[in-house]
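Understanding the architecture of this molecule
Spelled out, the chains give:
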Amino acid sequence: MKNCFIKTICLIVIASFMMVGTGICGAGYDYIDITHPFLRKIPIAIPVFKEISPGDDTKRLSRTASDLLAETLEFTGYFKILDRDAFLVDMQTVTSLANVNFYNWTSIGAELLVTGGGLIQDNQVEMELRLYDTFKEKLLVGKRYKGLIKDQRKIVRRFCSEIIFFLTGDKGFFNSEIAFISKNSGNKEIYICEFDGYNPRQITQTKSITLSPAWSSDGEWLAYTSYAKGKPDLYLKHLKQKRGAVISKKGINITPAWVPNQFALAATLSFSGDPEIYLLTGTGKIIKRLTNKRGIDLSPTWSPDAKHMGFVSKRSGTPQIYIKDISSGEVKRLTFQGQYNTQPSWSPKGDKLAYAGMGNGRNDIFVIGIDGQGPIQMTHDQGDNEAPSWSPDGSLIVFSSTREGPSRIYVMTAYGTDQRRLLVLKGEQTEPDWSPRMVNN
Amino acid sequence: MRKNLLIHLAMVLVIPGLLFTVSCAKKTIRSETSLTQQAEDEAAAKAAAEKAEQEELVRQQAIEELRLQEEAERKAAARNLFLNEDIFFEFDSSVLLAEAQVILKKKAEWLINNPDVTATIEGHCDERGTNEYNLALGDRRAASAKTFLMDLGIAGSRLNCISYGEERPVDPGHNEEAWAKNRRGHFTIN
């Protein structure tokens, strides 16, 4: 706890500077058209940071930090990272970070430029980072950070957050994590990695089958299904404290979905003899039953305002996605294409649902408007694609795919572009769930 | 007259008596050897009889053992059939096919003959659906089999259900042949 405190005060922004004229934060929304953000990628130049202090440590820092910044920005899907071989300027020869010859950058096609300087002193690192508009010849965002050497990752992410916030008006997903199921220990267990696949770590040790991880909206709780006691039970687990609950009724206890901003969740229980969705408290007590139709009902997903719940039902004969208005109780069917639509995931902006739809025995990811507009197919002819989950800003979708053989975790933009593998880990990985933004990270 | 009668009577009695004596005497003479022979014969016969009886006993025991063994085998076979004969389903369906119903009737019979047994019905699915939905489908499949057995008179308390969804395929293949084997209801004994 004390350590944590020290870290927090160490990693401080010691300076923030912006050119007068660009004015208020968020004045740059026109850089990225949020209605079609991935149609045109913005060319951005990120030269290796200037080494302000001498020594190999600084050299390593400026290289790794500038590479990480380029990778992190590229991960968003908004940018085209320009090749450093084409650069006309070596930052090490620049006398001051404040003096930029913009023509050197516009002539190679860069519209944005990030420069940085790194300094290491007494095991402390100081980094100055600047975002420029090369055509308007303007400093858009400038920050100076100080922290421990091992905090350089955090510093780079903070600055990426600043860049994305300036350009889109949204804080992005740099403080988020992804939970998923991995079989690399031989059993299906829950793992968590950072949003970009970095630092995967095993969370459960059930030595049985574990499925369907689901984050609470504050990022503190994880709900999941596990066969730890021999049958599919529901586990609610606080990630930092030794708190939790088990729901172990007769039959299946599956598909948890926390209600946004409440210590409550929806889940599927079959103790009545039929799989139905119930509303439960965070301690595992039934509040009420939410579905009431013979046949399978499962996989709840909440609208961000918690007024509606999407779910899968077989009431029409095939599994389809439905939306229930919680206050009126009215249920309407959302999907009409295909014979098998499951795994709905409500977008953080509230206007769309992603889901897995089956055709020819294979699942693909689709996105449909809550008014039924679309659906748009996101994956095509590349194995089995399942379990979509949105990044907290709604710009990316994580999912599992068998396109390279065993099931792995992939990420794409919310428009289906830039599909890439998230992380390399032994065994199969399935059922990713993207966390909300973490407050204390 | 009366005296004559007595004499005759005496003669009738005596002469055969003499005759008997004579023959007796003759026999006595022979008996030295034949008596031991007879004893041997008798012993042999007795031994033979005992042996035969023994053999018969062994034979009977063997028959009984064989019968028991056959019965045990038959029981084991019935038990194995109960455990190993899966019922199969169509894709995305928990409806019991005609073949499945025939198999379930046999299972009901076995459960009636083995009243101490409680069984678990596992519901399984092929890999094509999605994990979560398949957990529910496996649950429905196990429940269908349970309801059918209860209708045949098996107490519900003797039948547990568990769904494994698509998590425990018997055939890891990715083709219809494998999928058909994996869409199953499997029985275990608790």
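Quick caveat: nothing in here was measured; it's all calculated off a predicted structure.

The next point concerns the overall build of chain B. When you go through chain B residue by residue, the secondary structure sums to 4 helices and 4 strands. The buried share among the 190 residues of chain B stands at 27%. Nonlocal contacts in chain B, meaning residues at least 24 apart in sequence, comprise 73% of its contacts between residues at least 6 apart.

Residues and elements named next belong to chain B. Spatially, E1-E4-E2-E3 is the arrangement adopted by the 4 strands of the open sheet, whose pairing is mixed. Sheet topology places strand E1 (87–88) and strand E3 (159–165) at the edges, where each strand pairs with a single neighbour. Looking at chain direction, strand E2 (residues 119–124) and E3 are connected through 6 bridges and run parallel. Each residue of the ladder has a partner; that of isoleucine 121, found in E3, is cysteine 161. The strands touched by helix H3 (residues 131–151) within the sheet are E1, E2, E3 and strand E4 (184–189), with E3 carrying the most contacts at an inclination of about 155°.

Time to look at the nonpolar core. Ranked by internal contacts, the top residues of the largest apolar core, which has 112 residues, are Ile44, Leu69, Ile163, Ala223, Ala266, Ile397 and Val398 of chain A. With 8 residues, helix H4 (residues 152–168) of chain A is the single largest residue contributor to this core. In this view, isoleucine 44 of chain A contacts Leu73, Phe79, Lys80, Ile81, Leu82, Ala110, Leu112 and Val114 of chain A; residues no more than four positions away in its chain are not counted. Ranked by size, the runner-up nonpolar core spans 18 residues in total, among them Ile87, Leu111, Ala119 and Ala143 of chain B.

Moving on to H4 of chain A. Note: α-helices contain 3.6 residues per turn, so residues at a spacing of three or four share the same orientation. All names here are of chain A. Between the first and last C-alpha of H4 there are 24 Å, a value that for 17 residues agrees with the 24 Å anticipated at 1.5 Å per step. Counting buried residues along H4, 13 of its 17 residues qualify, which places the element largely inside the surrounding structure. One or two steps after H4, the chain reaches glycine 169, where phi turns positive at roughly 80°.

All names here are of chain A. Taken domain by domain, chain A holds domain 1 (2–168) and domain 2 (177–434). Put simply, the middle of domain 1 and the middle of domain 2, counted by C-alpha atoms, are 36 Å apart. At the interface, 6 residues of domain 1 touch 7 residues of domain 2. In terms of residue class, the side of domain 1 that touches domain 2 is built from 3 nonpolar, 3 polar and no charged.

Before going further, it helps to examine the interface of chain B and chain A. Residue-level contacts link 17 residues of chain B with 27 residues of chain A. Of all the secondary-structure elements, those providing two or more residues to the side of chain B that touches chain A are H3 and E3 of chain B. The greatest single-element share of the side of chain B that touches chain A, amounting to 9 residues, is contributed by H3 of chain B. Taken together, the residues of the side of chain B that touches chain A break down into 7 nonpolar, 4 polar and 6 charged.

This brings us to the pairing of strand E15 (residues 253–258) of chain A. Residues and elements named next belong to chain A. For E15, the tally of buried residues reaches 6 of 6 residues, placing the bulk of the element in the interior. Here E15 pairs with strand E16 (residues 264–269) via 4 bridges, running antiparallel. When the sheet's bridge partners are listed, tryptophan 258 is paired in E16 with leucine 265. The antiparallel pairing of E15 with E16 creates a hairpin that spans 5 residues between the two strands, and asparagine 261 there sits at a positive phi of about 60°.

Here we take up the packing of helix H2 (residues 98–113) of chain B against H3 of chain B. Between two packed helices, both the angle of their axes relative to each other and the distance between the axes serve to describe the pair. All names here are of chain B. Between H2 and H3, the shortest axis-to-axis distance is 10 Å and the interhelical angle comes to 55°. Comparing their axes, H3 and H2 come out oblique. Where H2 crosses over H3, the two elements pack in a sense that is right-handed. Contacts between H2 and H3 involve Gln101, Leu104, Lys107 and Ala108 on the former and, on the latter, Ala145, Phe148 and Leu149. Looking at the contact of H2 with H3 residue by residue, the classes come out as 5 nonpolar, 1 polar and 1 charged.

About the cut-offs
Residues numbered from 1 in each chain as written. Chains lettered and ligands numbered in written order. Predicted model: local features only at pLDDT ≥ 70, side-chain atom pairs only at ≥ 80, totals over all residues. Helix = DSSP H or I, 4+ residues; strand = E, 2+ residues; numbered from the N terminus. Buried ≥ 20, exposed ≤ 12 C-beta atoms within 10 Å, placed from the backbone. Contact = placed C-beta atoms within 7 Å. Pairing = 2+ DSSP bridges. Axes fitted to C-alpha atoms, helices over the stretch in contact; angles between N-to-C directions. Core = buried A, V, L, I, M, F, W, Y, C linked by C-beta atoms within 7 Å. Expected span 1.5 Å × (residues − 1). Domains from an automatic or database assignment. Nonpolar A, V, L, I, M, F, W, Y, C, P; charged D, E, K, R; others polar. Parallel < 35°, antiparallel > 145°, perpendicular 65-115°, else oblique. Left-handed = near helix turned anticlockwise from the far one by under 90°.

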